[in-house]
Structure formats: C-alpha cells, structure tokens
Amino acid sequence: MKNIQALVKVGVLLTLALTVTLISSCSKPNNSEAVSNGPTSFFGNMTQSRAATVEQDKPLQLPQDHKNHPDFQLEWWYLTFVLEDEKQNAYGMQFTLFRFRNNGKEPTAQYESDWSDTQQWMGHASLHSAEAHFFEERFAAGGVGNACVNTSPFEAIIDDWYWKAVGDRGALFPSTLSVSLTSMASSEPTTSANAILELNADGPFIKQGDNGYSKKTGDERLRSYYYSQPFIKANGTLTIEDKTMSVSGLGWYDHEWTSHLANSQAMGWDWFSIHFDNGEKLMAFRMHAQNDDIQQKSRMSEIFTTASFIQKDGTKETLSGEAITITPIRISSIDTENGIRKVPTAWTIAIPSKNISVTTSPFKENQWNSSVFPYYEGRIEVSGSHSGAGFMELTGY
C-alpha cells in the first residue's frame, strides 16, 4: 500500500469529491471535521497522532469486526480473484477500499469544515486479461457521502463502485461486487471494462496470526488486526471493450486495520495468497522494515516472514519464519512513470513440514499499478509440489 506529489493530488481529488453525487447509503456523521494532509505511502510516512492501538489481549471478534474502525490510522478491505471464462481464458481482478485517519486530527476535536470528518478514503480496482490491464484509483473525503463501510447490511462503497451483501444481519456473503475501469495503456486509445461478480463463501473466516493479532516484526512494534476469507466462490460477467463474457473462479478477502504500520520504519511487504488445486490455501508474507539491527542491510532487507497454512476444512496453522522460506528467483525491470523499477516477480516458497516446494510466476508480464502509491500486484500461477493460482502484492519497490 511514495512521492511528494501524492499530497497535492489527494488534495485536488478531495476537493473535486464535493461535486460528486452523494450515495444515500453512506450517511454523514454528526461531527463535522476538516480534511487534513493525506498519506504518502501504504506503509509509513504518516504523521503519528493519538490513535487506537492493536493489543494482543483485545482480540478481534467476528462478525462484529467486519465494520469500519475509524479510531485506527489505517484500514483496508481487500478482494482478489482468479477467474476464467468459458474458453478457459484467465483473468486476475482486485478491489480494495482503504481508509486513512487524517494526520494530526484527534477524534474529539472540532474543526472549521462542516462537510467532512477525520477520515480519507481511497479505492483501487484492477483487472488483467492476457492482453489488457485496467486500473483505477479514486479518492473521497470521509463524511461527504460517496465513500463508506456500513454493516446491517454490509456495504463497502466509493462512488459507483460497490460491494454489497444480501440481507441485513451484517454477513458479508452472499454479496455482489460491481466496478468499472479504464485501460492503463497510455499509448492506446482509452478502453473500458466492467465487472459484476456474485460472491459466496463455503468455508470459515480465518483469523491470521494469533487469533487475529498479526505480527509484522519479531519485536511486534509493527502489528495489525487481520483476518481473511479464502473460500470465496465467484461467478458473474466481465465486459471488456463492449465484449461480455461469463466468468467463474475463486476469491480471497482480507480485512486489516492498524495504527502501527503508519510507522516510518515500515517499508512494505511481499505478500502471497494461494489457492492450491487440492483445496488447501496459503497466505504468506515477508515484511520489509528498518531498525537498528539491520543498518548494514539493503533497504529491502527481509526482517520478518510468516505464513498461514489452511486445510480444506478451514483448520489454520500459523508458520514462523523458521518453517517457511520465500525467495525471489527472477528480477524484472518494469518501465514506470517514475523510471525503471527492479521488482522480484518470480519466487520459490518452501514449507518442508507440509512437503510444499513451489514456484510462483506472474500469469503475464508487467502487473504494475501506476497509482499515487505505485506497487506491483496481480495474478500468479503456482507449480511444483503443488499446483494452483493466486495473487501477489509487492509494495515498497
């Protein structure tokens, strides 16, 4: 989830948000507070202010914690999909709604503005076919009405993008996801895509780490609340350049919130979610950070690795760094708006205790998202001791 121009762009977009037609389901809060400086990266570079903290003796609870947590500085609701059409053509898709608590603003303070609260919202959506890459990002000020997360029924909305559940009991599934996108290719005429997916889940939610308390460093200074739903079944339609096709496949949902990844020592991560063909699942990540113990190492030094191995029945085992190795085996040079980026796009993942030794490869070249916070993200194919497909997200490169 990196440049100084991000602040200017965010400010402009937030001002433009005032002209957006309000979505009535996103209610305006009673407290009216002004928009502050925006974040400058997914992790780190956020001015620290008094905010709620992640504590191991205060575990997350479901279904209560499907909600928004505005007292925490950073939060996201993240859906990824590996899809195929009726001709077995492959697609990768993601939808993410981010919430940032405004820098330096305390939840009890009163400010001059009467049109926004202390939150900022950012939406990301992408769609990859073998030939095309569609990506968009959107911004909104909190409390304006065009971005929100509500429960009973659950809904996550920014502008005309929405993820809405059926029913009023706060459950996330069954639900509908709808997004529209434009092409990333600046050298080609603008093309568009739309996706409408019906989502169901046939397995349990997975509380990552220790009952949802997820360490990002060994000393736990970087940590979050984190749970997943890796058992999503998706069916629906994709429309690309006026051609509509039926698709189906697997989805993965992550919900995470924290005030600690705003720490300037947090540099980014290499994150993987994998659906093995035998029905097992794997979440794994390497965290990059800075501290006094790794002064001599490179900026992208791995300092913490963990994983969750999930059996077909939803039984989860948390794996420590000693039990898993995640190793880059190919570096790609990606031409971006900000120059050439060196990105590790192929990896080996080994878990000897599970007899897992696999290679992950991108299903297509250049799955780079040129956003305010540029990052690599996209579908991967898995081969070796186990076969499957999944998603990879690389931040901080």
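Structure: above.
A quick note: this is a predicted structure, and the numbers were derived from the prediction, not measured. (Residues numbered from 1 in each chain as written. Predicted model: local features only at pLDDT ≥ 70, side-chain atom pairs only at ≥ 80, totals over all residues. Heavy atoms only, no water.)

Engineer: Sorry if this is basic, but what is going on with the pattern of salt bridges here?
Structural biologist: Close approach of charged atoms allows side chains with opposite charge to pair. Inspection of the entire model under this criterion finds 12 salt bridges. Between Arg379 and Glu381 there is a salt bridge, with the nearest N and O atoms lying 2.8 Å from each other. Arg379 gets classed as buried once you look at its relative accessible area, which sits at 5%. Looking at Glu381, the relative accessible area reads 29%, which means it is partly exposed. Taken together, the salt bridges that share partners define one network made up of Glu136, Arg138, Asp159 and Asp160. (Salt bridge = Lys/Arg side-chain N within 4 Å of Asp/Glu carboxyl O. Buried < 20%, exposed > 50% of the residue type's maximum accessible area, 1.4 Å probe, protein only.)

Engineer: Just to check I follow, could you spell out the environment of Glu131 for this structure?
Structural biologist: Within the secondary structure, Glu131 sits in the loop between β3 (119–128) and β4 (133–141). Residue Glu131 is classed as exposed on the basis of its relative accessible area of 73%. Through-space distance from the C-alpha of Glu131 to that of Lys364 is 8.6 Å; in sequence the pair is 233 residues apart. (Helix = DSSP H or I, 4+ residues; strand = E, 2+ residues; numbered from the N terminus.)

Engineer: Where do I start with the environment of Gln61 in this structure?
Structural biologist: Here Gln61 shows up in the loop between α1 (5–16) and β1 (74–85). The class for Gln61 is partly exposed, based on a relative accessible area of 45%. For the pair formed by Gln61 and Lys207, sequence separation is 146 residues and the distance between their alpha carbons is 9.3 Å.

Engineer: What should I look at first to understand the packing of aromatic side chains in this one?
Structural biologist: The relation between two aromatic rings is expressed through the spacing of the ring centres and the mutual angle of the planes. Here the structure, examined in full by the defined rule, presents 17 aromatic pairs. Seen in terms of ring centroids, Tyr227 and Trp257 are 6.2 Å apart; in terms of plane orientation they differ by 80 degrees. Their pairing is edge-to-face. Of the two residues, Tyr227 is situated in strand β12 (residues 223–240) and Trp257 in strand β13 (residues 243–258); the sequence distance between them amounts to 30 residues. Assigned by exposure class, Tyr227 and Trp257 land together as buried. Ring geometry for Phe272 against Trp347: centres 5.5 Å apart, planes inclined by 75 degrees, an arrangement best described as edge-to-face. Linking Phe272 in strand β14 (residues 266–276) with Trp347 in strand β19 (residues 339–351), this pair joins segments that are 75 residues apart in sequence. Neither Phe272 nor Trp347 differs from the other in exposure class; each is buried. Taken together, Phe72, Phe154, Trp163, Phe173, Phe205, Tyr225, Tyr227, Tyr253 and Trp257 form an aromatic cluster joined through their ring pairs. (Phe/Tyr/Trp six-rings, centres within 6.5 Å; stacked < 30°, edge-to-face > 60°.)

Engineer: In this structure, what is going on with the pairing of strand β7 (residues 161–165)? I would like to understand it.
Structural biologist: Side chains on a regular strand alternate between the two faces of the sheet. Judged by which residues are buried, β7 turns out to be one-sided: Trp161, Trp163 and Ala165 face inward and are buried, whereas Tyr162 and Lys164, on the alternate face, are not. As paired strands, strand β6 (residues 155–158) and β7 are joined by four bridges and run antiparallel to one another. Looking at the pairing, Ile158 lines up with Trp161 of β7. (Pairing = 2+ DSSP bridges.)

Engineer: Would you mind going over the nonpolar core with me for this structure?
Structural biologist: Soluble globular proteins tend to bury their nonpolar side chains together. Ranked by size, the top nonpolar core spans 45 residues in total, and within it Phe81, Met93, Trp163 and Leu199 carry the most contacts. Considering every element that reaches this core, the biggest residue donor is β12, with six residues. Discounting residues that sit within four places of it in the chain, Trp163 has contacts with Leu79, Phe95, Phe154, Glu155, Ala156, Leu172, Phe173, Ser175, Thr176, Leu177, Leu199 and Tyr253. Counting residues in each nonpolar core, the second largest holds 25 residues, with Trp76, Met122, Phe139 and Phe231 among its members. (Core = buried A, V, L, I, M, F, W, Y, C linked by side-chain atoms within 4.5 Å. Contact = heavy atoms within 4.5 Å.)

Engineer: Explain unusual backbone geometry to me, please; I cannot follow it from the model alone.
Structural biologist: In this chain, Ser152 is followed by Pro153 through a cis amide linkage whose omega measures 0 degrees. In this fold, Pro153 is placed in the loop between β5 (147–150) and β6. At the junction of Phe173 and Pro174, the peptide bond is cis and its omega measures out at 0 degrees in the coordinates. With respect to the helices, strands and loops of the structure, Pro174 is situated in the loop between β7 and β8 (175–182). Of note in the backbone geometry, Ser152 takes a positive phi value of approximately 55 degrees without being a glycine. Within the secondary structure layout, Ser152 lies in the loop between β5 and β6. The class of Ser152 is partly exposed, set by a relative accessible area of 45%. Phi is positive for Glu220, which is not a glycine, with a value near 70 degrees. You can see Glu220 is positioned in the loop between β11 (213–215) and β12.

Engineer: I'm lost on the pairing of strand β23 (residues 388–394) in this one. Help?
Structural biologist: A large share of β23 lies buried, amounting to seven of its seven residues. Of the two faces of β23, the one lined by Gly388, Gly390, Met392 and Leu394 and the one lined by Ala389, Phe391 and Glu393 are each fully buried. In the sheet, strand β22 (residues 375–384) pairs with β23 via seven bridges, with the strands oriented antiparallel. Looking at the pairing, Arg379 lines up with Phe391 of β23. From the end of β22 to the start of β23, which pair antiparallel, there are three residues.

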